[in-house]
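These are the residues of each chain, in order.
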Amino acid sequence: MRIEYTPWPAELAEQYRAKGYWQDKPLTSILSEQLNTNSQGIAVADGQRQLSYAELNTYSDNLAGYLNQQGLQQGDTAIVQLPNCLEFYITYFALLKLGVAPVCALFNHQRTELQSYCEILQPKAMIVSSAHALFTDEQFTQALFNRFGCLNNIIIDHSKGNSELKQGYLNKHAFTAPDLNPEEVAFFQLSGGSTGTPKLIPRTHNDYLYSVVASKDICELDGDTRYLCALPAPHNFPLSSPGALGVFIAGGTVILASDPSPAVCFGLIEHYAITHTALVPPALQLWLQHAPASQHDLNSLQVIQVGGAKLSRSVAEQVTPVLGCQLQQVFGMAEGLVNYTRYNDDPELILTTQGRPISELDEIKIVDEHGQEVAQGESGRLMTRGPYTFRGYYKSPTHNASAFDDAGFYSSGDIVKQLPSGHLVVEGRDKDQINRGGEKIAAEEVENHLLGHEHIQQVAIVSMPDDTLGEKSCAFVVADQDIKLTTLILRKYLRQLGIADYKVPDKFKFVTQLPLTAVGKVDKKALRATFE
Ligand code: OOB
């Protein structure tokens, strides 16, 4: 059974292989390759517990065997929603070993997000945590079983005490590892999205492994690397850029933090002598505020990577003086392309650009609104294709037709310019998305939820500037005449629908009409301009 995806054209695939970028190895090789030389090294720790590479390997084997006994097999899909905990990596590798492709939801996703992943993926199993409000009682699991006939299994991990998941990985359950085809889909990444429904990104073994290996080399990780994973573990940045998978390839140690706050992270940095971490700009700002008065020794830090949203020069400048380590800017996307500033770049480039692509074979085009390439140094829309940039969203032919050009270049929706050195500067965005401190909100998705309210006629959600998060979201609402809607009512309405908290607009403005463009579409530019 093959999970469908849009393959790369044969001549490009050949190039990627000829260069040695695609190694035709499955992602599970990340673990198996540590076993001969580093089986007793600590792969991952979470403050209380730790796993050696041998344990991570055995536990993921056991769990693969258990899931197999439960009826899961190669070609199936699954949904995983776990907080930052050891079980996340055990589960991720167990599913990879079985050839079951998971989508790993973020822990702050709620009922609506999980249901829409179920709708798209028709998963056979879910592996979730009772630490999440949705899974504290049986009600929601029962509702999922009733609604999705495909779902055979929902395994709930209890963060404390025993659970089916723990039984699954602590006890031996034999299984015959299937042959994994590295050209096929290993798992799905979540798109930040700009459309009404969430989109899934199929990532193959070959393309993902290449992005991680090359990232690990650029970031010079080795067996002494101690990487703090403080962002949500499934996100592409802390998973693969070079992230936990890069650390595992290098034979280093991943330390999990429950969140990126200084209160949680500074103690872990001291205790584990953390060398590397990845942050979004708002978290970095908190670190900069709290570091000077902190009692904790942060001297072990060598590199802080910052990405997910634009970092201002004034904040970038403080990293080395205040935290005593190197800054690396990272501009990436779950769809593929990742850019890094290099450690030996001119300091000015590190402060003011978002880095240059991983690969020689990453192709970048910067185009105007007619799809014509702009002159060197001018800004325009970023288009890219390459050895680890996907070729199509899962089962989304209509959206794919507009997200890619005829030559297979993906349009990321970012407005960038490229310097002669190849470095990209992100100057803005041309997609209907709000970037709330690195958390992406597809405006249309939330607008659709609000349009479901019986008294809302029209709605438009746009970004508004925010000192801490960079951007927050504001909903302009046209309600029925004579009806008094309030912020409180609409917040409650959205929460009852069960959408992730960060998607609930920070502000509601009640207006009698929305401005329109010449062609009659809502003029979001004009709405954003009201905040200037
Ligand atoms: C990362 O991935 P996603 O999929 O959550 O978001 C991708 C989008 C980009 O298209 C861009 O709009 C924005 O996030 N973005 C940045 C940025 N890094 C990402 N905008 C400005 N400056 C940056 N440094 O966010 C992601 C994936 C892998 C590594 C790092 C970030």
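Since the model is a prediction, treat every value here as computed from it, not as a measurement. (Residues numbered from 1 in each chain as written. Predicted model: local features only at pLDDT ≥ 70, side-chain atom pairs only at ≥ 80, totals over all residues. Heavy atoms only, no water.)

A look at the site of the ligand
Then, number 1: Taken together, 19 residues lie near the ligand, and His235, Val330, Ala334, Asp414 and Lys440 sit nearest.
Then, number 2: With respect to the ligand, the side chain of Lys440 contributes an N or O atom lying 2.9 Å from an oxygen atom.
Then, number 3: Surface burial for the ligand is 96%, taken as the share of its 600 Å² of free accessible area covered by protein chains.
Then, number 4: Within the residue set of the shell around the ligand, elements represented by two or more residues are helix H9 (236–240) and strand E13 (326–333).
Then, number 5: Split by residue class, the shell around the ligand holds 7 nonpolar, 8 polar and 4 charged. (Near = heavy atom within 4 Å. Polar contact = N/O pair within 3.5 Å; in protein donor to acceptor, adjacent residues only side chain to side chain. Areas by Shrake-Rupley, 256 points an atom, 1.4 Å probe, with all protein chains shown as cover. Helix = DSSP H or I, 4+ residues; strand = E, 2+ residues; numbered from the N terminus. Nonpolar A, V, L, I, M, F, W, Y, C, P; charged D, E, K, R; others polar.)

A look at the pattern of salt bridges
Then, number 1: On inspection of all chains with the given rule, the structure shows 29 salt bridges.
Then, number 2: For the salt bridge of Asp24 with Arg17, the shortest nitrogen-to-oxygen distance reads 2.7 Å.
Then, number 3: For Arg17, a relative accessible area of 28% translates into the label partly exposed.
Then, number 4: Here the salt bridges share partners, and the residues they tie into one network are Asp46, Arg49, Glu87, Asp157 and Lys166. (Salt bridge = Lys/Arg side-chain N within 4 Å of Asp/Glu carboxyl O. Buried < 20%, exposed > 50% of the residue type's maximum accessible area, 1.4 Å probe, protein only.)

Notes on the side chain of Arg391
Then, number 1: With respect to the helices and strands, the residue Arg391 is situated in the loop between strand E17 (380–385) and helix H16 (397–403).
Then, number 2: Buried and unpaired, Arg391 has Glu363 as its nearest opposite-charge partner, separated by 6.7 Å.
Then, number 3: What Arg391 contacts, discounting residues up to four positions off in sequence, is Thr6, Pro7, Trp8, Pro9, Leu12, Arg385, Phe404, Ala407 and Gly408. (Lys, Arg positive; Asp, Glu negative; His and termini not counted. Contact = heavy atoms within 4.5 Å.)

Remarks on the nonpolar core
Then, number 1: One finds Tyr89, Met126, Leu228, Phe248, Leu284 and Trp287 to be the most contacted residues of the largest nonpolar core, which totals 147 residues.
Then, number 2: In terms of residue count, the dominant contributor to this core is helix H4 (residues 86–98) (10 residues).
Then, number 3: When residues no more than four places from it in sequence are discounted, the contact partners of Leu228 are Ile255, Ala257, Cys265, Leu268, Ile269, Ile274, His276, Thr277, Ala278 and Trp287. (Core = buried A, V, L, I, M, F, W, Y, C linked by side-chain atoms within 4.5 Å.)

Regarding the packing of aromatic side chains
Then, number 1: A full pass over the atoms with the stated rule returns 22 aromatic pairs.
Then, number 2: When the ring of Phe390 is compared with that of Tyr393, the centres are 4.7 Å apart and the planes differ by 70°; the resulting orientation is edge-to-face. Tyr393 matches Phe390 in its accessibility class, with the two residues each being buried.
Then, number 3: Taken together, the ring pairs connect Tyr53, Phe88, Tyr89, Tyr92, Phe93, Phe187, Tyr208 and Phe248 into an aromatic cluster.
Then, number 4: In this structure, Lys365 packs its charged tip against the face of Phe409, placed 4.1 Å from the ring centre. (Phe/Tyr/Trp six-rings, centres within 6.5 Å; stacked < 30°, edge-to-face > 60°. Lys NZ or Arg CZ within 6 Å of the ring centre and 35° of its normal.)

Describing the sheet that holds strand E24 (residues 507–510)
Then, number 1: Reading across from one edge, E22-E23-E24 is the order of the 3 strands in this open sheet, with mixed pairing throughout. On the outer flanks of this sheet lie strand E22 (456–466) and E24, each paired with one strand and no other. Strand-to-strand, the axes of this sheet are offset by a mean angle of 25°, without reference to chain direction.
Then, number 2: Across 10 bridges, the pairing between E22 and strand E23 (residues 470–479) is antiparallel. By the bridge assignment, Ile461 is partnered in E23 with Ala475.
Then, number 3: Helix H17 (residues 443–451) rests against E22, E23 and E24 of the sheet, and its axis sits at about 145° to E22.
Then, number 4: In the packing of helix H18 (residues 487–497) onto the sheet, contacts are made with E22, E23 and E24, and the angle to E24 comes to roughly 125°. (Pairing = 2+ DSSP bridges. Axes fitted to C-alpha atoms, helices over the stretch in contact; angles between N-to-C directions.)

Re the domain arrangement of the protein
Then, number 1: The assigned domain composition of the protein is domain 1 (26–181) and domain 2 (433–529).
Then, number 2: Computed from C-alpha coordinates alone, the two centres of domain 1 and domain 2 are separated by 35 Å.
Then, number 3: Taken together, the contacts link 6 residues of domain 1 with 11 residues of domain 2.
Then, number 4: Here domain 1 meets domain 2 over a buried area of about 590 Å², counting both sides, of which 37% is carbon and sulfur.
Then, number 5: Three residues, Asn108, Thr112 and Glu113, lead the burial of domain 1 against domain 2; their summed loss comes to 61% of the area buried on that side.
Then, number 6: Our enumeration of links across domain 1 and domain 2 arrives at 1 salt bridge.
Then, number 7: Note that Glu113 and Lys503 form a salt bridge whose closest N and O atoms lie 2.7 Å from each other.
Then, number 8: For the pair domain 1 and domain 2, the interface holds 9 residue pairs in polar contact (both at pLDDT 80 or more).
Then, number 9: Residues of the side of domain 1 that touches domain 2, tallied by class, amount to no nonpolar, 4 polar and 2 charged. (Domains from an automatic or database assignment. Buried area = accessible area lost by both parts, 1.4 Å probe.)

A few points about helix H8 (residues 205–218)
Then, number 1: Over its 14 residues, H8 extends 20 Å from the first C-alpha to the last, a length consistent with the 20 Å expected when each residue adds 1.5 Å.
Then, number 2: Judged by how many residues are buried, H8 sits mostly within the fold: 12 of 14 residues are covered.
Then, number 3: When we look at burial in H8, the residues that qualify are His205, Asn206, Asp207, Tyr208, Leu209, Tyr210, Ser211, Val212, Ala214, Ser215, Lys216 and Ile218.
Then, number 4: Among the residues trailing H8, Glu220 stands out with phi positive, at a value near 55°. (Expected span 1.5 Å × (residues − 1).)

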